[in-house]
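Structural overview for review
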Amino acid sequence: MADAKIRLFVEHPLAPGNSVPVDRDQANYLFNVMRLGVGAHILLFNSADGEFLAEVADAGKRRGLLLVKEQTKPLQMPPDLWLLFAPIKKARTDFIVEKAAEMGAARIMPVMTQYTNSDRIRRDKLQAHAMEAAEQCGGTYVPEVADIAKLGAVLDTWPEDRQLMFCDEARVGPAETLAHSKSGKWAVLIGPEGGFSDAERDRLHKLPQTTPISLGPRVLRADTAAVAALTVWQAALGDWT
Ligand code: SAH
């Protein structure tokens, strides 16, 4: 819709005729910051029903009501791809989550490794970054940000049917591509600034689902590596193909 520029993620079923209550933060954003009034149009999505046009039916200071009109986009699920990464400095961790949502990761999993620099994350804040990225990039799905977990524990219960693209800085050199035969469920693993320990590397190599890969001849920072790895995967096996 030409006049509907704002996209908002809502946790509410969307179908023509539904009304969607607006919470305090959203009311502040829509009616104070963006100065929308009754009759204005916005776009809504909820990770389940696709995208819908909605009209402001009530615009209060602390709450409001949106009336759902026609569907404007079907639900487009990302491929079944997880991003596992070791949290780094806050701004760079925020960047990784934002880019992962834009790049079409379905689930974002912070993992603690031996050389992880920071083991404290604000899951709720990271989830909000993922939501804002989806709002901005036209996606209809917000990837879930999981609680931080130890890499060892994640690998102990690794699903048999999920491949793991292990981005290993020890392989720095000619870039490697993924075998197209291994389609289906995948995860990408990016290490911290300190890289992986030998013990972690051994553990990863023992997992039959692991495909170790090089991301080229230079050592990338973890945030760059995350975007590069998601690009490589999307181009070979994901929804870019
Ligand atoms: N301190 C390490 C580098 C870590 S880079 C060293 O000097 O060797 C952070 C993470 O980005 C790595 O753990 C890896 O997952 C990924 N990475 C960066 N460059 C890479 C490359 N060329 N190939 C594969 N993975 C890479």
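Predicted model only: the values in this text are computed from it and were never measured.

**Here's the deal with the layout of surface pockets**
Estimates place the volume of the largest pocket at around 430 Å³. Taken together, the elements giving at least two residues each to the lining of the largest pocket come down to β1 (7-9), β2 (19-22), α1 (24-33) and α3 (123-137). Here the lining of the largest pocket gets 5 residues from one element, more than from any other, and that element is α3.

**Remarks on the sheet that holds β1**
As summarised here, the arrangement of the 5 strands in space is β1-β3-β4-β5-β2, forming an open sheet in which the pairing is mixed. The strands lining the two open edges of the sheet, one partner per strand, are β1 and β2. The average undirected angle you get between the axes of adjacent strands in this sheet is 40°. Alignment of β2 against strand β5 (residues 64-73), held across 4 bridges, turns out to be antiparallel. Note on β5: the bridge partner recorded for Val 22 is Gly 64. In the packing of α1 onto the sheet, the strands contacted are β1, β2, β3 (41-45), β4 (51-59) and β5, and the crossing angle to β2 comes to about 90°. The strands that α3 touches are β1 and β3; relative to β1, the one it contacts most, it runs at about 145°.

**Points about helix α5 (residues 198-206)**
Those residues of α5 lying buried are Glu 200, Arg 201 and Leu 204. Summarising the axial view, the buried residues of α5 lie within an arc of 100°, below the 170-degree limit, and thus occupy one face. Across α5 from its buried face, at more than 90 degrees, point the exposed residues Asp 198, Ala 199 and Lys 206. On its buried face, α5 sits against α4 (151-156), β10 (163-167), β11 (186-190) and β12 (210-213).

Procedures and definitions
- Residues numbered from 1 in each chain as written.
- Predicted model: local features only at pLDDT ≥ 70, side-chain atom pairs only at ≥ 80, totals over all residues.
- Heavy atoms only, no water.
- 1 Å grid on protein atoms, 1.4 Å probe; cavity = no way out; pocket = protein on both sides within 12 Å on 5 of 7 lines; lining within 4 Å.
- Points joined across faces, edges and corners; volume = space filled by probe spheres on them.
- Helix = DSSP H or I, 4+ residues; strand = E, 2+ residues; numbered from the N terminus.
- Pairing = 2+ DSSP bridges.
- Axes fitted to C-alpha atoms, helices over the stretch in contact; angles between N-to-C directions.
- Contact = heavy atoms within 4.5 Å.
- Buried < 20%, exposed > 50% of the residue type's maximum accessible area, 1.4 Å probe, protein only.
- Arc of directions from axis to C-beta.

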